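Fold and contact review
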Amino acid sequence: WLQRSLRALDAALSRLGAPLLVLRGAPEALLPDLARRIGAAAVLAGRRYDAGGRARDARVAAALAGAGGAQLRLFTSAVLREPAGFANGSGRPYAVYGPFARAFTADWDPAPPLPRPERLAAVAGAPSAAGDPLLGLYPGRGEPDWAAEFPTLWTPGEAGAGSRLARFLEAPLGGYATARNAPGIEGSSRLSPHLRWGEVSPRQVWHAAMDAAGGDRAAARPFLGELLWREFSLHTLWHRPELPERPLRPEFDRFPFQPDAALLRAWQRGRTGYPLVDAGMRQLWRLGWMHNRVRMVAASLLVKQLLQPWGDGAAWFWDTLVDADLANNSASWQWIAGSGVDAAPYFRVFNPVLQGEKFDPAGRYVRRFVPELAGLPDRWIHRPWEAPEGALRAAGVTPGRDYPAPVIDAAAGRARALAAFAAMRDPAAVRGPAP
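Criteria and thresholds
- Residues numbered from 1 in each chain as written.
- Predicted model: local features only at pLDDT ≥ 70, side-chain atom pairs only at ≥ 80, totals over all residues.
- Heavy atoms only, no water.
- Axes fitted to C-alpha atoms, helices over the stretch in contact; angles between N-to-C directions.
- Helix = DSSP H or I, 4+ residues; strand = E, 2+ residues; numbered from the N terminus.
- Left-handed = near helix turned anticlockwise from the far one by under 90°.
- Contact = heavy atoms within 4.5 Å.
- Phe/Tyr/Trp six-rings, centres within 6.5 Å; stacked < 30°, edge-to-face > 60°.
- Buried < 20%, exposed > 50% of the residue type's maximum accessible area, 1.4 Å probe, protein only.
- Salt bridge = Lys/Arg side-chain N within 4 Å of Asp/Glu carboxyl O.

**Considering the packing of helix H2 (residues 27–38) against helix H3 (residues 51–66)**
In a pair of packed helices, the angle between the axes and the distance between the axes together describe the arrangement. Between H2 and H3, the least distance of the axes is 9 Å, while the angle of their chain directions is 40°. Crossing geometry of H2 relative to H3 is assigned as right-handed. Each of Pro27, Glu28, Leu31, Pro32 and Ala35 in H2 lies in contact with H3, whose residues at this interface are Arg56, Arg59, Val60, Ala63 and Leu64.

Following this line, the structure appears as structure tokens:
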């Protein structure tokens, strides 16, 4: 994604008269030298909200100041409002999503995006990058070519983001609240990778959605709520930089996880025996994206029924999602684990069978990504281990050979998860491995 996105950005900037310059190296070394060579008085950049990005920006600011006085000026980039200036009535950061969202939108809309420039002036004296600095970002075709389906689904770059936003808003937003939960249809926007890579701004998306809804905030609210969860995650990361690494609720340091490499591998490869979860994990591997409802169900199975550390799930999503965003990924995994700041019931455990029957009743999603079960009737598509022999034979499915049995019984897994929560609350519980 990064390689294709930068190539698209270079083409767009070149059309405006100022091609992209890509340099590799430590920014605190490269940027002061570049500023000196072209006579820049300031370096302008989008603000980063993670601990590593903030530390990098501080190093760049100090290096610029020490190398001739050029100023680093940071601007709002990935968020709608700056976290540092948004607090509750007590002056503290919001710890629960609901009050955050209500306060965030009370008598307030983000400023509309500025128009794009008609022309840019190329910088005199800018160095030329040696060779192609983008080579190596994507290793090219291998055996197998894991990115073979990428171009069929994604068009990285600002133009691709604009096209996807426009297509999504062709349908009335009033149906989004229901459609977004059905993985078997194109009911979600799939804008998350474009937002993650900065190819469209949350302000652009916000105003486009409000325009499509005719200014009706109630009609746009379910979709805008997705933007606000993203915003809440970024604000949380700003105020709690430990979010990607440690549970935000300290009692979860005692949660008795039971790391098991075989269980983790079965989950990663879509071999848990739960069709909805396996379809999601295979969709993730093939397309670099997974439907949001299925993300929650798959994560719940891993962390709660299987008692695997949430950090292992977050790491797999980070490696495989094209929309992997540090704030959103970390906050969502902590929400599922119950260890995050939001006060959602930590003991909620999704049943993967019931979730499949509710949100993919005809099995369209499962049949696409778990084709070995495609011949099963709707009644059995989410519980193949209960299918009668005749139905299995007609579908060409031999349990244990063509499709695995569930790695754990859903009811037993839920009971085990609730027992683990009880052990965590017991002050005498043995401290488990940190997630």
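**Remarks on the packing of aromatic side chains**
Summed over all chains, the structure comprises 26 aromatic pairs. Aromatic side chains Phe100 and Phe232 sit 5.1 Å apart centroid to centroid with 55° between the ring planes, which places their arrangement in the tilted category. One end of the pair, Phe100, is in helix H4 (residues 97–105); the other, Phe232, is in helix H10 (residues 217–239), with 132 residues separating them in the sequence. In this structure, Phe100 and Phe232 share a single accessibility class: buried. When the centroid spacing of 6.2 Å and the interplanar angle of 15° are considered together, the rings of Phe252 and Phe255 count as stacked. The class of Phe255 is buried, set by a relative accessible area of 2%. Of the aromatic side chains, those joined through ring pairs into one cluster are Phe86, Tyr94, Tyr97, Phe100, Phe104, Trp108, Trp229 and Phe232.

**Notes on the pattern of salt bridges**
All chains considered together, the criterion is met by 20 salt bridges. Between Glu149 and Arg286 there is a salt bridge; the shortest N-O distance is 2.8 Å. Here Glu149 is found in the loop between H4 and helix H5 (150–153), whereas its partner Arg286 is found in helix H12 (residues 275–287), with 137 residues between them in sequence. Classification of Glu149 as partly exposed rests on a relative accessible area of 26%. Notably, a salt bridge pairs Glu186 with Arg190, separated by 3.4 Å at the nearest N-O pair. Given a relative accessible area of 57%, Glu186 falls into the exposed group. If you follow the salt bridges from partner to partner, you end up with Asp33, Arg36 and Arg37 in one network.

**What about the environment of Val397?**
Among the secondary structure elements, Val397 is positioned in the loop between helix H18 (389–395) and helix H19 (410–425). Separated by 25 residues in the primary sequence, Val397 and Glu372 have C-alpha atoms spaced 7.0 Å apart. Residue contacts for Val397: discarding those within four places in its chain leaves Glu372, Leu373, Leu392 and Asp402.

**Some words on the side chain of Thr236**
Among the structural elements, Thr236 can be located in helix H10. According to the relative accessible area criterion, Thr236 is buried, its value standing at 7%. Not counting residues within four places of it along the chain, the set of residues in contact with Thr236 comprises Leu243, Leu248 and Val341.

**Quick notes on the side chain of His194**
Relative to the helices and strands, His194 is located in helix H8 (residues 192–196). Not counting residues within four places of it along the chain, the set of residues in contact with His194 comprises Trp1, Thr155, Pro156, Gly157, Gly160, Ala161, Arg164, Glu199 and Val200.

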